[in-house]
Amino acid sequence: MTTTRPYESPLRAEQLEQTRLRILEAMADVLADEEVEEVTVPLVAMRARVSVRTVYRHFPTKEALFDAFGEWGEKHLRMALMSYPETLDELRNMAPAQYRGYEENVPLMRALLSKRGQEIRARTRRQRLRTFEKAMREVTTTLSPAERRRALAVVYLLVSAPAWQAMRDQWGLEGEESGKAAAWAVRVLTDELRRNPASIKEVDDDDRRR
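Below is a short write-up of the structure. Keep in mind it's a predicted model, so treat the numbers as computed, not measured.

Observations concerning the nonpolar core
Line of reasoning, step 1. Grouped together as the largest cluster of nonpolar side chains are 38 residues, with contacts concentrated most on Ile 23, Met 27, Val 44, Val 55, Leu 65, Phe 69 and Tyr 99.
Line of reasoning, step 2. Going through the elements one at a time, α1 (10-32), α2 (41-48), α4 (62-81), α6 (95-103), α7 (106-113), α10 (161-171) and α11 (175-195) are the ones with two or more residues in this core.
Line of reasoning, step 3. Examining the composition of this core, we find that seven residues originate from one element, α1, more than from any other.
Line of reasoning, step 4. The residues contacting Ile 23, other than those within four sequence positions of it, are Val 44, Ala 48, Val 50, Thr 54, Val 55, His 58, Phe 59 and Leu 65.
Line of reasoning, step 5. Core analysis: the second largest hydrophobic core is formed by 18 residues, Ala 135, Tyr 156, Leu 158 and Ala 185 among them.

A short note on unusual backbone geometry
Line of reasoning, step 1. In this structure, Arg 49 is a non-glycine residue whose phi angle is positive, near 60 degrees.
Line of reasoning, step 2. The exposure class assigned to Arg 49 is exposed, which follows from its relative accessible area of 67%.

Comments concerning the layout of surface pockets
Line of reasoning, step 1. Taken as a whole, the second largest pocket spans an internal volume of roughly 350 Å³.
Line of reasoning, step 2. Lining the second largest pocket we find 18 residues, and of these Leu 31, Val 36, Ser 114, Lys 115 and Arg 116 sit closest to its centre.
Line of reasoning, step 3. Taken together, the elements giving at least two residues each to the lining of the second largest pocket come down to α1, α4, α7 and α8 (115-140).
Line of reasoning, step 4. Classifying every residue of the lining of the second largest pocket gives seven nonpolar, two polar and nine charged.

Things to note about the environment of Thr 131
Line of reasoning, step 1. Within the element layout of this structure, Thr 131 appears in helix α8.
Line of reasoning, step 2. A C-alpha to C-alpha distance of 7.2 Å links Thr 131 and Pro 85, two positions 46 residues apart in sequence.
Line of reasoning, step 3. If we ignore the near neighbours within four places in the chain, the residues touching Thr 131 are Tyr 84, Pro 85 and Glu 86.

Points about the pattern of salt bridges
Line of reasoning, step 1. In total, this model carries 14 salt bridges according to the counting rule given.
Line of reasoning, step 2. Note that Arg 148 and Glu 133 form a salt bridge whose closest N and O atoms lie 3.4 Å from each other. Taken together, the residues span a long stretch of sequence, with Arg 148 in helix α9 (residues 145-158) and Glu 133 in helix α8 at a distance of 15 residues.
Line of reasoning, step 3. Since its relative accessible area comes to 30%, Glu 133 is described here as partly exposed.

Considering the environment of Glu 103
Line of reasoning, step 1. Tracing the chain through its elements places Glu 103 in helix α6.
Line of reasoning, step 2. For the pair Glu 103 and Arg 168, spaced 65 residues apart in the sequence, the C-alpha separation amounts to 9.2 Å.
Line of reasoning, step 3. Once residues lying within four places of it in the same chain are set aside, the contact partners of Glu 103 are Trp 164, Arg 168, Glu 174 and Gly 175.
Line of reasoning, step 4. Within the structure, Glu 103 has its side chain in polar contact with the side chain of Trp 164 (distance 3.0 Å).

Considering the packing of α7 against α10
Line of reasoning, step 1. Where α7 meets α10, the axes come as close as 11 Å, and the angle between the chain directions of the two elements is 115 degrees. Taken together, the axis directions place α7 and α10 in an arrangement best described as roughly perpendicular. Note that α7 runs across α10; the crossing there is left-handed. Here Val 106, Met 109, Arg 110 and Leu 113 of α7 lie close against α10, whose contacting residues are Ala 161, Pro 162, Trp 164, Gln 165, Arg 168 and Asp 169.
Line of reasoning, step 2. Its residues assigned to classes, the contact of α7 with α10 comprises six nonpolar, one polar and three charged.

How each quantity is defined
Sequence order as written defines the numbering, with residues in each chain counted from 1. In view of the model being predicted, local features appear only for residues whose pLDDT reaches at least 70, and side-chain atom pairs are presented and counted only at 80 or more, with totals across whole chains, interfaces and linings using the full set of residues. By convention in this description, side-chain values take in all heavy atoms of the structure and omit both hydrogens and water. Buried residues of nine kinds, namely Ala, Val, Leu, Ile, Met, Phe, Trp, Tyr and Cys, make up a nonpolar core once their side-chain atoms join them within 4.5 Å. Residue burial is assigned from relative accessible area. The probe radius is 1.4 Å, only protein chains are included, and a residue is buried under 20% of its type maximum, exposed over 50%, and partly exposed in between. The way it works is that DSSP assigns letters per residue, a run of H or I at least four long becomes a helix, a run of E at least two long becomes a strand, and they are numbered from the N terminus. We call two residues contacting when some pair of their heavy atoms lies within 4.5 Å. Detection works on a 1 Å grid of protein atoms alone, calling trapped sets that fit a 1.4 Å probe cavities and calling open sets with protein on both sides within 12 Å along at least five of seven lines pockets, with lining residues defined by an atom within 4 Å of a point. Grid points are joined across faces, edges and corners, and a volume is the space filled by probe spheres set on the points. Each residue gets one of three labels, nonpolar for Ala, Val, Leu, Ile, Met, Phe, Trp, Tyr, Cys and Pro, charged for Asp, Glu, Lys and Arg, and polar for the others, Gly among them. Just to be clear on terms, a salt bridge is a Lys or Arg side-chain nitrogen sitting within 4 Å of an Asp or Glu carboxyl oxygen. The definition of a polar contact used here is a pair of N or O atoms within 3.5 Å, where within protein one atom must be able to donate a hydrogen and the other to accept one, and adjacent residues in sequence count solely through side-chain atom pairs. Note on method: axes are straight lines fitted to C-alpha atoms, helices fitted across the in-contact stretch only, with angles between N-to-C directions ranging 0 to 180 degrees. Each angle is binned into one of four classes, with values under 35 degrees roughly parallel, values over 145 roughly antiparallel, values of 65 to 115 roughly perpendicular, and all other values oblique. Each crossing is labelled by how the near helix is turned from the far one, with a counterclockwise turn of less than a right angle marking it left-handed and a clockwise turn marking it right-handed.

Shown next, in the form of structure tokens:
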């Protein structure tokens, strides 16, 4: 007996994907809205101009929607930023293109930097930190654990979205200019760590002399 496969319409599949994308974009819009106190499925459905049932058809639970948004946001940014650096030279040169990518995706960045967006992004932070620490290994291997943590923290801040947001909101620097400023600071700090790793220890010595 021959069984017939159900016909899957390419048009239907495209329509479903467009609806899914519209829901995720609406989720970004809700997260970025500072007046929204709680993210709910009905609110996302209203922003996406679909029914609540349609949202649940694509995302069975609220948590599934949050997880899908986090994955979609990270994938979207990776496509915009090409890739995360794995070497120190790549790290030193990444900020201009990275910040330009942020500037081209302001609504998404606002969503990811919101309180709930940060919670969602935290699920993928470990992988980003591992890649970043690998890129910084050349200039941090001789440091003590405490010194290494300080060096990593300050350089990571410069190549992260919160630094872009602060320079944009507090100083009016748009993507290209803030990217140049961040790249300059990363080069200065990593040059100093290459030239004189003990410089980070001198901060402690200066503090003790005071």
